[in-house]
Every structure is written in C-alpha cells, then in structure tokens.
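Read off the chains here:
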Amino acid sequence: MLTVSGLSKTYANGVRALDDVSLEVPRGMFGLLGPNGAGKSSLMRTIATLQAPDAGSIHLDDIDALGDTDRLRRTLGYLPQEFGAYPRTSPLVMLDHIAALKGIGPRAARRDLVEKLLAQTNLWDARNKNIDTFSGGMRQRFGIAQALIGDPKLIIVDEPTAGLDPAERRRFHNLLARIGEEVVVILSTHIVEDVADLCPRMAIMGNGRILIAGSPDELTRRLEGRLWRKVIELAEAAEWRASMPVVSTRLMAGRLEVRLVAELPPRDDLEPAAPSLEDVYFATLLEHGLGSDV
Amino acid sequence: MWQIFSFECRYQLRSPLFLAVAAVFFLLGFLATASESVQVGGVGDNLNLNAADAIVRIQYTLSVIGMFAAVAFVAGAITRDFELRTAEIFFATGMGERDYLFGRFLGGWLFATLAIGAGLIGTLTGTLMPWLDPERIGPFEAAPYAYSVFAVVVPNAFVVCALFFSVAALTRSMMAAYVAALGFMVVGVVLMAATDPEQLEWLVLTDPFGTSAYELVTRYWTVYDRNFRIPEFSGSLLLNRLIWGGAALLVLVLTASRFRFAPGRTSRSSRLRWPRRPAPGAAPTSSSTWPVLTPADGWRVQAARLWSQLRMDVRGVVRSVPFYVLLAFGMFNVLGGFFGAISQAFGTPVLPVTGMMIRVMEGSFMFVVLIIIIYYSGELVHRERQHRVADIVDAAPHPSGITVLAKVGALWFVISALLLVVMATSMAVQAFNGYFEFEPGLYLVSLFGVIGFWFYLLAILAVLVQVVAPGKFAGMLGFLLLVLGLQTLPSLGFEHNLYLFSGPNAPYSAMNGYGHFVEPLLNFSAYWLCFSVLLLIAAHLLFPRGAVGGWRDRLATARSRFVPGLRAATGAVTVVFALLGAWIYYNTNVVNEYRTEDDLERTRADYEKNYKAFARLPLPDVSDLDLHIELYPAQRRLESRGSALLENTREVPIDELHFSLAPHLTVNAIDLPGATRVAADERLGYYRYRLDEPLAPGTSRTLSWDLTWANAGFVNGGSSTRLVGNGTFVDNSEVMPLPGYDYGRELTDNNVRRDYELGPVERLPKLGDPSWLDVSQFLVSGRSDFRATVGTAADQIAVAPGYLQREWTEGDRRYFEYAMDAPIWPFVSFSSARYAVARDRWNDVALEVYYHPAHRYNVDAMLHASRRSLDYFTMEFSPYQYRQFRILEFPGYQSFAQSFPNTIPYSEAIGFIADLRDPENIDYVFYVTAHELAHQWWGHQVAGANMQGATLIVETLAQYSALMVQEREFGPHKMRRFLKYELDNYLRSRGGELIEELPLVKVESQGYVHYRKGSLAMYALKDYLGEAAVNRALRGFLERYAFAPPPFPTSLDLIAAFRAEATPEQQQMITDLFEKIVLFDLKTTAVSAQPVADGFEVTLTVEARKVEADGAGQETEVPLDYLLDVGIFPAAGADATGTDLPEPLLLEKHRIVSGENVLTFTVPDRPAQAGIDPYVKMIDRNPDDNLLRL
C-alpha cells in the first residue's frame, strides 16, 4: 500500500504543481488520469524520489520514501514519461547496465535476467539494435523491461502509451496486465481507455489536486441516469455550449453528438446515454471548472 | 537573402552568445594591454605597451582563439534550424537555397567579426588606463588598429567562418565544425614548430591565420620597428591572405552548389558505423516470468556498479569522433615540440634521448590536456541528462559516488590514452631518428607520475565543478576560469604550491634523475591527492539526482548522504591533508625562507640601493687562494673553508674592506685579522670591515672563512640546481666572500627597475673610462695562485682547476687536491659527479673528458676537436699555457659551456647528446669545444678591461678562433651554412634587445652581438684582410697583452691592431663592421648572358643600399662605396647537396656604390645564376635576392 498525504509543491516560477495531494494506492494497477499540466508527472516524479516536495509525506508500506530514498529506490521500478538511451547502445547492453546499477548480480544471473526480460517484452530479436532506432512501442517495451529489473514492489509508469499506434498500445497493455498483482503499479495517462482497460482503481487529477478517486465502475455508476445525448448540426454547437451543461462533443458523420450531465433532461429532445469512463473524466473536469472545448 | 540576413542579425543581437563572446574578447584585449599578469600574444618587455607589433599580435592571437567563437556563430546559424526542427518551415516558404545559405552566412560572419573585433576595442581601451607606466606608452597611432581590422580580424573571421559554415552546412553537425576547428589548431601548432628559415617561406602560406607570415615578415624587426612599424601588405602576407581568402570563397561557393534543403541527402553519410553482432540466437526458453532478483549489497555489488558505469562512459568516449581528434591533436602537438627540440642548433639534431623528450612533453601538451578535461568533464558528467537516461538511472539505488568515480575514471581513461599516445609518438620519433635506447620505465614515471599526476587530479576538480555547475557550458566556463585564475595567481605574487593546486617544477636530467625534486614532489602530490579525495567526497554529496532543487535542498540531500562512515573517512583524510600541509609549510616557510619573484627582485633592488655607494671603494686583489670544499652530494650540503691573500695593488691605502656573500651561505666564521666588523647584512650578504691599520699599497692581509651552504628540507620553488646529488657545478662566487660590490646582482630590466625607483641600468662602464682600465673583466687587477682540496662522496670524482696533486679516501669520503703552478684569474669552478673518464693526449698536453657513463656518444668528437683546436691556436696565436685540458659534463638544467683555467664544465644538454651521425650536418660539438678551448687564450691569457667592448676581445675572438678551426676541418662550404644561422640569429635577436643595440666596439655582454654578429664581422674581416693578416694582428695583440699587468686592453686596442693590417680602402669597412650598426640591402635585379667567342658575356644589374641603425633600430641610409663579392655560377652538378652553391665560374670583389650598378663579365662556361655577395658575408636581411637565375 502506497500512502501519499498532504503533498504540495510550488515551482520556482510560481506554478503550483501539487496542491495538498493525498492518495491511497493499494496493490494492483492504479490509473492516474488528468489533462496535460494536471500535475501527474510531478506526482510521479515525486514518488519516484526524483523531486522533493515542499510538504507532505509518502510511504510505501513501512518505507518512508522521502526520508529513506535509498530504500525506496531499491524496490522501485520507474518508467519516465520521456527517456532516451546512450547513443549507439543496444537494449542488451543498456538493460545490463541498469541492472548492474540496481545492484543485480552476479554477472551471469544478471545476464540471464536481462535476456529473459528481453524475451518477455518481445525485444529479443532487436536486442542488438540501437535503441535510437526503435519505434515508439519498442521503446516503451524497453522502458517497462528496465522498470521490472530488481523485482520492484512499486512500479511507476508515466504516460506510457502516448504516441503509440493501436496495435502497439494493445501489446503494451498486455504487458502491463501481466505484471503481478502483488505490487503497486501507478499508471499515469491522459488516455481514458488505458485506465478503463487496465485499472481496478483510479484517480483523476487537475490543477495539482486529486479531483476524484475510486474504482472505474463505481465512478461510472455515479453518472447513471444523469447523462443525456443528442446529435445536432455543427452550426448549433456554440449555442448549445453557451446554454447547456455540455460535458463533451464528438463528431459523428459530419454532425455533432453532444453529451450533457443533469439530474433531469433540460430539453425534451434529449435521449438518455450510457455513461463511460470518458464521461466521468469530462464531467469531473467540468465540475471543477477545468472543462475545455472538446 | 537580405530577409534571412536581417532575420539572422536580429537573432544574434538578442542572443546572449553575441554579448557574452564580445564581452570575453573585449576583456581579453583589455587585459592584454592593461594588465601585466595577463599575456595574450605577448607584449615584449622591451616594447611600448601600445607598440604597433603588440597590438597586431594580440589581434592575431585573439583571432585564433576566436575561431572557436566563430564556429558557434556561423555553424550555429546553419545548424540551429535543423536542431530546432524549424528548417522545414523555412524551406516551405519557397525561399532559394542559396539565399538562405548566404543570408545565414553573412549574418553569422558579421556578428562573429564584431564579437572578435571587440578585442581590438579592448586593446585600445587597455592602453589608455591610468595605472600604466607612462614611460612605456608611445603616441597613439591609428595604423596598427587599421591593419588589425583589415589584415587580421576581418579576413581571419571570413576564412574560419566560411570554412566552418560550409562544414556545418554540409554535415548539419556542430560537432563536425568543431572537429574542423581543432584540425586548424593542429595546423597552427605544427607550423609553430617549424623554424627552418629555408622552409618558412612556403610554410607560412599554409597558415590559415597569417600569423606565421607576419612572423616571417617581422622576424628581423628591431625594437624601433616593433614599436612603430606596420608591415607592408605585400609579399607572403598578401599571398597568404589571397590564398586563404580565395580558398574560403571557393569552399563557400561549392557549398552553395551542393547544399540542399532536402534532409538526409548530404548528411549522416559520414557518421561512424560500428559493426554489430549478428542478431540471431535462440530466445531464452520461454517461461512467462523472469527470475526474481533483488538489489544486493556489499563491495562486489558496488564494484560491479562502478565497472558497468565506467564501461558505459568509456564506450561513449571511444565511440566519439572528438576522442580521436583530440588524440591526434595531442600527438601533433608533441610531434611539433619534438622536432623543434631535436633540431637544436645550427640545424643539427640532438639524439632524442628520453630525458629530452620528457622535457619537451613537460611544456607542450598541458593545453591539449586542458581541452580534454574541459570538454570531457562536461560531456561525461552531463551525459545522462543529455541523453535523457538520467530519470532512469537517478531512480536506481546506487550511491552517487559510484557515478562520480565512473566519470573521473572515464576522464582518467582519456588522459591515459593521450599519455600513451604521446609516449608511443615519442618512441616512434626516437626510432625514426635511429635511436633505440628506449627507457619505458622512465616514460612511465615521468609521463604518468610526474607530469600526468596533476592532470589526473585536475580531472577530479573538473568533475566537481561540473557536478556543482548549473549546466554543462557553465561548468566548462567555470573550470576554465578556475584554471586560468590559478595560472594567473603566481604573476600576482601568489606563488605557493600549497594553494595553487600544483607541485614544484621538477626538471629531469639524465645525470641527476629527478634528484632532490623527488621529496617536495612526493609531499605536494600526497597533499593534493588528499585534497582531491575531499573533492571526490564533495562531488558524491552534491551530485544531483532527479530535479535539481535550490541550494537549500541540495545541502539537505548532501547532509543525508553524509553518513557516519563517510564522515569518519572525511575526517581522517582532512587530518592527513592538514598534517601534510603543515609539514610542507614547515619545510618551505620555516626551515627555508619562502620568497616570491617579487621578493627576489626586491632583495636585488635593496642590495643595489644600500651598497652601490661603495662600488668604487678601492679593492685589494686576491693574490693567493686556498680552498677546502667539502661536498655532501646526497644532502646537497657544501662546507667551504679557505683563505685568500688580499693584496693592495692600488696606489692608495685601503682602510675599509667590503665583501659580498651569496645569500644562500651561512657564515660560521669570517676572519680578517686587524680589522673590525662594522656591519653585517645577512639578508643581502654584505659585510663591512674597517681595518685598524689601513692596508698600505703593496702589502697584504689574509682573509679566511668557514661557510656552509645547507639545503635543509625542501623549498616551494626556485630550488638551486647547482649543488645536486650527481653533477654539482658551482663557481667561486657561490662558495666564498667576494671582495667589494657585486654588480652581477643588479636588476637589468629597466621596467622592473622603475618599479623599485632605480635609474636606468648601467650594464658596463663606458668604453675608455680611465678609472676602469686597471680592472680586468674578472673585476681584479692581477692573477692569483690557486690550491684547492675537494672532498666528496666516495663514488664521485671532484674536479677543480689546476693539476691533481693527491687523491685519497677517508672513510666514505673521497678527497682530491688540486694546485695550479702559475697564477690564474681568481675565477674557478668545482664539479663533482659519478664520472667516467676518457683520456687522450695532444703533444704533452693531457686531454680528459669527464662524462656521464650513458653519454659516451660524442666524447671522442670532443677530444678530436680539442686536438684540432690546439693545433691551430698554438700555431697561429701562442703556446697553450697548461699541461692539461679537461671537459666536465654537468646536468642539463642549464645549457652552456664555460671555460675555467684548464677546465671546462659543459652541459649534458648541448654537446653530449648531439647527433653527429650525419657528416653533412654542422658539427656544433666541434664548434662549442673549439670556442671554449679558445677561451684559454681569449679570456685566460688576455682579458679586456672591465668596460664596454670587453667581450669583443673574449667572446668574439673565441668565435673567430672556432670558425677558423672549423673552416680548416670542414671547409668553407660548411662555414657559409654556419654563418647563415649566425646571421639569422643576430637579425632575430635584435628585436629582443632590452636596452639598446651597440656596435661591437661597445658591446655590453650582449650575446647576439659578441657571438653572432661577432662571427659575421670577423669572417668578413678575414675575407678582406686575409687569414694571415688577421692572425698576425692577433699574435701581436697577444704578445703585447697576454699575462701582462694593467692597464688592460680595450676593444679599441684590438681594432687598432686590425687597422694596422688593413689597407686604406679597408678602413671604412672596419668602421662599419666594428664601430657601427650597418646593414646592407643587396639585390640582383637583372642578369643576362650572351654567348661570345671565348664563352659567355654576363651582364648584371645590382641594386645596393647601406643603412646605419641606432640603438633602437631606427635606420638612416648612408652612401655605399665598397668592394663586394660578385659571383657567377654554373648549373649545379649532380653531386651538389642541399643549398650549397657549386664552384663559381667567377668570384671577385667589385666596387659597388649606392643605387644601381651595372657590371659585365666574361666567363668560360654557360652560367646558371649570378649575383652580388653570393655567400652573404654582409649583414643583409634579405639574402635570398642576392642571386638571380638566368
């Protein structure tokens, strides 16, 4: 169980990246949703010991992550949002190096681990290629392989699916899903489907705060009976947005589907809609004044 | 194009790069003139601070440094769009490729020029500063600034900008442009090493900056010229600029024709490719999991981490192009130094003995190592961030110290690779020169220990600076400033190695090894090693992981990393560091006196201020000298006991006796019976005694002494290399009280003298000063009997002038007793070393060479030269006055030979390792030996009165004597080559004159006048008067003055002897050679040949000019009316070697007057070349135009 409480961080330029963030993350996959700039990465980096907060505490079971960074790092697997590799270096060499830094030994065992990880992440055939030349999906699989080294109890995966094509995303999801349920996995993303597909528990962040947390099912259920839809002409969009609690709009064959949240339908011509996690996401943002023209 | 240009200009104007670079160059230019501590290009001490030459040279230097700034401007201008991926936007606008290219180029070039040009404004501002010595500021002249702009700054900026811009445009890589810039530096360094005047003419054309061309054109410039003249923009200067300007333009045009917007066409192809292991191989047996391995602990794990990180970093280094560029650069750098050092004198090589190679390395590649440390410390420490690996590895559980150690290790790897390359280069040079006595052990100790040690420690310092710095470039700049600061401190009077991150200079000598330098070296090394361990700990504590917070956060992190074990280690190292520091301080500042250069100067100034007043007190002569010297080589201790019989040879009674004592001597006792000590200045070494009863003329008194020269502990710097473990060479002035005031201690640089409120230096009394006619240049009026007993270590031989009377051993000491059977000047030496001895005879004179056993090479050549010299001198001048002649090798800390009675100490660095295997080369061992042996006549038989011109008698005649023996041995061809070097040396050295150049008759111990010009003048004199007449004059001179009592001869007496042998027409020539500074400008402007009945009629047109120069080198034309050589030569035969001319068809003296002379001759064979003064007997700055080919 990862416990985050009262975490705050204000950057030198005045941006309040984390604003009294408290969170309880049990074992298993935990999705962290939020728009760009919501503070997801700040939170992830802080948990990953790469950034000190101004206030608050983080504990992984009995480890004080802020006080005893060393102990946390020994049990941490971290896949940063953006990462590279030394130039002209193969995943075999790079993984072996990271394993060595993590303190995995002796050499033969380390080598064995690296080769098995490469096989498991479908990188075996590319093991001697330059990481520079990898596609986005290969790169992310390499990233998860390195995060898995050292049998971590806490795995942090920051925006892993950004820029992946659907097939690669699927492959990546499968990989993530296989990671044991024994450990805490935090997955930050701004893609709702990632969370919907993978995570039994989740939270939505905005403006440096946790806006809502729970299981996707439970959160979706809360919208049941309150979500309405209608397909309109494009030209009407502005008028609708100005006068109605529009959660989201979506183009449908040249026309626009609008979705609204209300206890009772504000107009007669609306039909009830089945809520999805995406609706929860947009509704939550809208509720906190963070809605945008979607 | 203009649109892009103005876009570029706006960008540059706003960019901090332009302002920063301009500020740096302004500052460099400013400090170059405004501060004495900063040397940029170098204002000679003898020049005005705003000398034209200084201003131009500073700009040349700045424009070479500016090359790297230029890369940033122009290469940045072209690669920026590719790096920021904005290129497509520009290209999509449909702009022409050429417009884009030239627009960017012009903008980059303009701002590079402006930024580098800021240096010129800095220079100008610097010369206006109120604190400068007004004596050294000449009137303002615009010409040097104009020259700097149009001949230096703008064209150099154009050349480098065009070339680097092209490289960057075609490769789209900033790195490639920097590599090209480094290549340029290599060219510059190699050129700097080239000194052969024959090759310089075309070599200078290959210098992209034109610096060498400027050097060539101004090499013979005098002080006056350097202060006020600007070279004509013609000849090699203009040609060099045209070639490089043209090349740059061409490259630019070619680039424009090849450059395409479409990416990838011209780039990437040059990238290094590495072979890959084949991919196939079975995947591990698929189970759906992987082994559970958790981070472990223990030293093995830490070692594995370190090894892995080190391997990654070293991999990164060896796979980068700059690594190889820097290695090549380092190689070329020492290569230039090696070849420069090997062709030591007169174009003759020295044997590339390891000791000499090491001396070259000591000086030459510090610069490359600094570049390496600066560049790679930045690259390595910021490598993870740069390649975005940082977030992954920073979250790994390894201690930061592992990363720090790996970075330091990788940097050490690069330094070691460079040292190995340098060592291999050195050995290759040795082998190339046919020298196979490799000493790998010595290389390892010197290169990796003595020299390399500091590089390894600097690497640690650089890593710490990078760890602390906010960014890579800030770190590089910070470290550079730190190093420059440390280098500048000594010139500000902060010279102690306890804070300079350095150890004492430790010169190597084959004879003495590292000698007594080992102890301070080890102490300082250990001291700074401890300090560096503390730096490593600091780097571990401060190494950034993840986001770098403010300093409060970093210090908090550092505190948490400062675990008890580390605290204890830090404490222990700090204690050792402090103890070593205290021990060093005790040695350098308590046991010994710590004195800076300024302190030493002040001591000399104080000595002069306090005691110059007594300089003209009547002095007694030493008429009997009896010394007992006890040498303890291992302790570098010397005990001097002895007595001198002081005889009043003046006509007045002496009532006060003063003595000067070398300041390193401790007085145990000085005893002068019947006298009272009235003052004793131990600091300056000056003692005054009042005689109870004045010493009447003709009477004498015995002075006896007991002195110690103890070298206890070790010193911070300036350790004496005279009294050493093996190869001691000291003279009497270092071991006994010298009567009277010691003129030798006066400061000779008038600029320095002004700082101490001393008037201009008086190097010697004026020629003809009657009060000095009775004092010889040995500062005595008569000769002295001499006896000495020298004790030394049992395995050494000690030698003093005189003949060995007795040799015995007492315990572990060996004693030698020497006595001279006739009086000598009281000017003696004491040498002691583990010598091997070679013996020979010439008639009944015993010849002996005492040499370091490894230096057998040229001992026979020395003996041979001695025999030949004795042949000539005894036949042509007078008998040799001794029964013995000895040469004694001493360590190469200094390189000269010096002639004492029957005894010549001779440096290991000059003759003993000369490479005489090629008989075509000038045998300068023969020359030096003959010259020193000639001093037994010129100096020991006859010495001049102590005044201007004295060295005409002693040194110039020794040069002449050596020339004549050489001519007899090797023939006139060799002499012409020898004299060409003398001419070049003389003309070059004039520009370095500190006070004023004097004609030979008034020479004030100026080497370039009495040796170099002396050789030329005497050879010309011999050419006109004939060898017989000159030698007749010298014989007469010796007959009259050899061993004669005062008054002593002056240069006027010698010249009078020459004049007596000369015809009336030759008198003017003697005046020009000896009494004036005269230069010729002789030139053949046209030659034609017509076949006639009995051969060919040759018509020559000769332009001639004669000028007279004053002491500063300002020239006035004077009428010429001379007999000068005219020569007509056939085509060179197949056997002609080098630059030697074939046997002439005609060589005769002809009357030549100022202006144009047309001469006609008939010769029997077809002529190939003809001209005036073909053998360059006259002093002519441009001897190459004397001859013209038909």
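Read on for a plain summary of the structure.

About the criteria used
- Residues numbered from 1 in each chain as written.
- Chains lettered and ligands numbered in written order.
- Predicted model: local features only at pLDDT ≥ 70, side-chain atom pairs only at ≥ 80, totals over all residues.
- Helix = DSSP H or I, 4+ residues; strand = E, 2+ residues; numbered from the N terminus.
- Buried ≥ 20, exposed ≤ 12 C-beta atoms within 10 Å, placed from the backbone.
- Contact = placed C-beta atoms within 7 Å.
- Core = buried A, V, L, I, M, F, W, Y, C linked by C-beta atoms within 7 Å.
- Nonpolar A, V, L, I, M, F, W, Y, C, P; charged D, E, K, R; others polar.
- Pairing = 2+ DSSP bridges.
- Axes fitted to C-alpha atoms, helices over the stretch in contact; angles between N-to-C directions.
- Parallel < 35°, antiparallel > 145°, perpendicular 65-115°, else oblique.

## A short note on the overall build of chain A
Reasoning step 1: For chain A, the count of helices and strands is 10 helices and 14 strands.
Reasoning step 2: Counting only C-alpha atoms, chain A reaches 70 × 45 × 35 Å along its principal axes.
Reasoning step 3: The 294 residues of chain A split such that 48% are buried.
Reasoning step 4: By sequence separation, contacts in chain A at least 24 residues apart represent 68% of the contacts at least 6 residues apart.

## Digging into the nonpolar core
Reasoning step 1: With 219 residues, the main nonpolar core has B:Leu411, B:Ala459 and B:Val463 as its most contacted residues.
Reasoning step 2: Setting aside residues no more than four positions away along its own chain, B:Val463 makes contact with B:Ser377, B:Val381, B:Val404, B:Lys407, B:Val408, B:Leu411 and B:Ala539.
Reasoning step 3: Membership of the second largest hydrophobic core comes to 94 residues, among which are A:Tyr78, A:Ala119, A:Val195 and B:Ala396.

## Quick look at the interface of chain A and chain B
Reasoning step 1: Each side of the interface is counted separately: chain A has 41 residues, and chain B has 39 residues.
Reasoning step 2: Those elements that provide at least two residues to the side of chain A that touches chain B are helix 2 (69–74), strand 6 (76–79), helix 3 (91–102) and helix 4 (107–120) of chain A.
Reasoning step 3: Ranked by residues supplied to the side of chain A that touches chain B, first place goes to helix 4 of chain A with 8 residues.
Reasoning step 4: Grouping the constituent residues of the side of chain A that touches chain B by class yields 19 nonpolar, 10 polar and 12 charged.

## Some words on the sheet that holds strand 11 (residues 738–739) of chain B
Residues and elements named next belong to chain B.
Reasoning step 1: With antiparallel pairing, 4 strands are arranged side by side in an open sheet as 7-8-5-11. Edge positions in the open sheet fall to strand 7 (675–681) and strand 11, since each of these has one partner strand only.
Reasoning step 2: Relative to strand 8 (residues 686–695), strand 5 (residues 654–660) runs antiparallel, the two sharing 6 bridges. Bridge pairing in strand 8 links His658 to Arg688.

## Quick notes on the pairing of strand 5 of chain B
Residues and elements named next belong to chain B.
Reasoning step 1: Summarising burial for strand 5: 5 of the 7 residues are buried, a large majority.
Reasoning step 2: The pairing of strand 5 with strand 11 spans 2 bridges and is antiparallel. Paired with Ser660 across the two strands is Leu738, which belongs to strand 11.

## Focus on the packing of helix 30 (residues 1007–1025) of chain B against helix 33 (residues 1064–1075) of chain B
Residue and element names in this part refer to chain B.
Reasoning step 1: At a minimum axis separation of 10 Å, helix 30 and helix 33 run at an interaxial angle of 170°. Considering their axes alone, helix 30 and helix 33 lie roughly antiparallel with respect to each other. Of helix 33, the residues touching helix 30 (which contributes Ala1017, Ala1020, Leu1021, Tyr1024 and Leu1025) are Gln1066, Met1069, Leu1073 and Phe1074.
Reasoning step 2: Here the residues of the contact of helix 30 with helix 33 are counted per class, giving 8 nonpolar, 1 polar and no charged.

## Structural notes on the environment of B:Val678
Residues and elements named next belong to chain B.
Reasoning step 1: Structurally, the position occupied by Val678 is in strand 7.
Reasoning step 2: Under the C-beta neighbour-count criterion, Val678 is labelled exposed, with 11 such atoms within 10 Å.
Reasoning step 3: Along the sequence, Val678 and Ala558 sit 120 residues apart, while their C-alpha atoms lie 66 Å from each other.
Reasoning step 4: For Val678, the residues in contact, after removing those within four places along its chain, are Arg688, Tyr689 and Arg690.

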